[in-house]
Amino acid sequence: MKYLYQVKFLFLYTEIADYFLACCQELSVKGEVHVIRYPVNKEAPFQFNHATSVKLYNRNDFSYQQLQKFSKDLKPDIIICSGWIDNDYLKLCKTYFKKVPTVLTCDTHWRGDLKQKIATVLSRFTLLRIFSNAWVPGLAQKQYVEKLGFKEQQINLGFYSCNHAKFNAAYIQTKKEKEFAFPRRFIYVGRYYEFKGLKELWQAFIELQDEQPNDWELWCLGTGDLKPVEHPKIKHFGFVQPLELNQFIKESGVFVLPSRFEPWGVVVHEFAAAGFPLLLSDAVGAKEQFLKIGQNGFSFKENSVSQLKSALTKYIQLSNQDLVKMAQVSNELSKSITPETWVKTISKILKAK
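Just so it is clear, the model here is predicted, and its values are computed rather than measured.

1. Overview of the nonpolar core
Argument step 1. Phe11, Phe186, Phe255, Val268, Trp342 and Ile346 are the most contacted members of the largest nonpolar core, which has 83 residues in total.
Argument step 2. The contact partners of phenylalanine 11, leaving out residues within four places of it in the chain, are Phe20, Cys24, Leu27, Val33, His34, Val35, Ile36, Ile80, Trp342 and Ile346.
Argument step 3. Core analysis: the second largest hydrophobic core is formed by 28 residues, Phe62, Leu74, Leu104 and Phe131 among them.

Right under this line is the structure:
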């Protein structure tokens, strides 16, 4: 088979998402993009529509020997590996160490617990002999890979990017309508799990409605093992495919992510790009990049119903003009990371090899 491009990018990935494919599509103008990935999660059964220039392969179809043969035939110029949970991925990267850039991606925060302290000792004999570079979402993850032994010049930021063009277009399309009448609806998009803080969100919203009746609603999109609460002003829409999201963006106003645990949260970037004021718990990693307190949103202590209720109250007291200004700030902050900056980072790693 004759390939059109010269540079060959190999991703050894776990679970892919629409935003990752948007980045890969941007990268495909630079060369061939090959992605070996895990099966789609049943709680998030995304249907992907990706460029034919991005080649997807199922991880279940490869033994280690088959991975070896595939990579030998491909001759990748760079290998980017999603974490260190797959031993076959690690073994393959080790065979390419110091031959081509081998890049570790990681979204784990430094917690300083015993398990992580042990990892910082073992990494000198494992990860640092497998990976030439680390690529992380933000500063909290950078701290961890520094502890693992990666040097400043080996570490890159901005690993997660939303499909910025898509969500920015939604912002432009809905801007005038929202300036006229900003939707009085909070929206949550994510899985229905305990650690997502949904119970606290539902409780805080219901208490606020009882104490200060208002015209705001709460819309929740997602699925999982958590039973949806029933309330006349809380609506549940189940899992929504990316292509169906625009209508919800048009009809809702403030994005809420109340997670007890959220290493990053690309969904924050998506809704910032779409021009949403933000309400995030302090456990959401992406707040460091996309939230400026008081300018485009508020934060609260994770697992605190009282603080969450107080933050919701601030929103219901804001004017249409205030909300529109916050939406503009969110959209501007979203431009700091894009698929274009993502591709520049890979080019930078390749040039430095």
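2. Observations concerning empty space enclosed by the protein
Argument step 1. Inspection of every chain in the model, using the stated rule, returns two cavities of 30 Å³ or more.
Argument step 2. For the largest cavity, the calculated volume is near 70 Å³.
Argument step 3. Around the largest cavity sit Tyr171, Lys175, Lys178, Glu179, Phe182, Gly275, Val324, Ala327 and Gln328, which together line it.
Argument step 4. Contributing elements (two or more residues each) for the lining of the largest cavity: α6 (164–180) and α12 (320–334).
Argument step 5. Among the elements that make up the lining of the largest cavity, the one with the highest residue count is α6 (four residues).
Argument step 6. A class-by-class count of the residues in the lining of the largest cavity yields four nonpolar, two polar and three charged.
Argument step 7. Its boundaries defined by the atoms lining it, the second largest cavity holds a volume of some 30 Å³.
Argument step 8. Contributing to the lining of the second largest cavity are Tyr13, Tyr19, Phe20, Cys23, Phe159, Tyr160, Ser161 and Trp342.
Argument step 9. With three residues, helix α1 (residues 18–27) is the largest single contributor of residues to the lining of the second largest cavity.
Argument step 10. Considered class by class, the residues forming the lining of the second largest cavity number seven nonpolar, one polar and no charged.

3. Here's the deal with the pattern of salt bridges
Argument step 1. For the coordinates displayed, the defined rule picks out 17 salt bridges.
Argument step 2. Between lysine 69 and aspartate 73 there is a salt bridge, with the nearest N and O atoms lying 2.9 Å from each other. Here lysine 69 and its partner aspartate 73 are both found in helix α2 (residues 64–74), four residues apart, which amounts to about one turn of the helix.
Argument step 3. Exposure remark for lysine 69: the relative accessible area of 54% places this residue in the exposed category.
Argument step 4. Residue lysine 335 is joined to glutamate 332 by a salt bridge in which the shortest nitrogen-to-oxygen separation is 2.9 Å.
Argument step 5. On the basis of relative accessible area, lysine 335 is assigned to the partly exposed category, the value being 40%.
Argument step 6. Salt bridges here are not isolated pairs; linked through shared partners, they connect Arg59, Asp86, Asp88 and Lys91.

4. Some points on the sheet that holds strand β2 (residues 31–37)
Argument step 1. Spatially, the seven strands line up as an open sheet ordered β3-β2-β1-β4-β5-β6-β7, and their pairing is parallel. Strands at the two margins of the open sheet, each flanked by one partner only, are β3 (54–58) and β7 (155–156).
Argument step 2. Across five bridges, β2 lies against β3 in parallel orientation. In the strand pairing of β3, valine 33 is matched with valine 54.
Argument step 3. Lying on the sheet, α2 is in contact with β1 (7–12), β2 and β3; it crosses β2 at an angle near 175 degrees.

5. Considering α2
Argument step 1. Within the sequence span of α2, burial applies to Tyr64, Leu67, Phe70, Ser71 and Leu74. Across the axial projection of α2, the buried residues extend over an arc of 120 degrees, all falling on one side. Opposite the buried face of α2, by more than 90 degrees, sit the exposed residues Gln65, Lys69 and Lys72.
Argument step 2. On its buried side, α2 packs onto β1, β2, β3 and α3 (87–96).
Argument step 3. Looking one or two residues past α2, lysine 75 carries a phi angle of roughly 60 degrees, positive in sign.

6. Observations concerning the packing of α2 against α3
Argument step 1. Orientation of α2 relative to α3, taken along the N-to-C sense of each, is 35 degrees, at an axis distance of 10 Å. Crossing angle aside, the handedness with which α2 passes α3 is right-handed. Residues Tyr64, Leu67, Gln68, Ser71 and Lys72 of α2 touch α3, and the partners they reach there are Asp88, Tyr89, Lys91, Leu92, Thr95 and Tyr96.
Argument step 2. Among the residues forming the contact of α2 with α3, the class breakdown is five nonpolar, three polar and three charged.

7. Re the sheet that holds strand β8 (residues 185–189)
Sheet strands line up and pair through hydrogen bonds in the backbone, either parallel or antiparallel.
Argument step 1. If you walk across this open sheet you meet the six strands as β10-β9-β8-β11-β12-β13, and the pairing is parallel. Single-partner strands in this sheet number two, and they are β10 (234–236) and β13 (297–300). Looking at each pair of strands side by side, their axes are set apart by 20 degrees on average, direction ignored.
Argument step 2. Examined bridge by bridge, β8 and strand β11 (residues 254–257) share two bridges and lie parallel to one another. Following the sheet pairing, isoleucine 187 is matched in β11 by phenylalanine 255.
Argument step 3. This element, helix α9 (residues 266–273), spans β8, β11 and β12 (278–281) of the sheet and lies at about 170 degrees to β11.

Procedures and definitions
- Residues numbered from 1 in each chain as written.
- Predicted model: local features only at pLDDT ≥ 70, side-chain atom pairs only at ≥ 80, totals over all residues.
- Heavy atoms only, no water.
- Core = buried A, V, L, I, M, F, W, Y, C linked by side-chain atoms within 4.5 Å.
- Buried < 20%, exposed > 50% of the residue type's maximum accessible area, 1.4 Å probe, protein only.
- Contact = heavy atoms within 4.5 Å.
- 1 Å grid on protein atoms, 1.4 Å probe; cavity = no way out; pocket = protein on both sides within 12 Å on 5 of 7 lines; lining within 4 Å.
- Points joined across faces, edges and corners; volume = space filled by probe spheres on them.
- Helix = DSSP H or I, 4+ residues; strand = E, 2+ residues; numbered from the N terminus.
- Nonpolar A, V, L, I, M, F, W, Y, C, P; charged D, E, K, R; others polar.
- Salt bridge = Lys/Arg side-chain N within 4 Å of Asp/Glu carboxyl O.
- Pairing = 2+ DSSP bridges.
- Axes fitted to C-alpha atoms, helices over the stretch in contact; angles between N-to-C directions.
- Arc of directions from axis to C-beta.
- Left-handed = near helix turned anticlockwise from the far one by under 90°.

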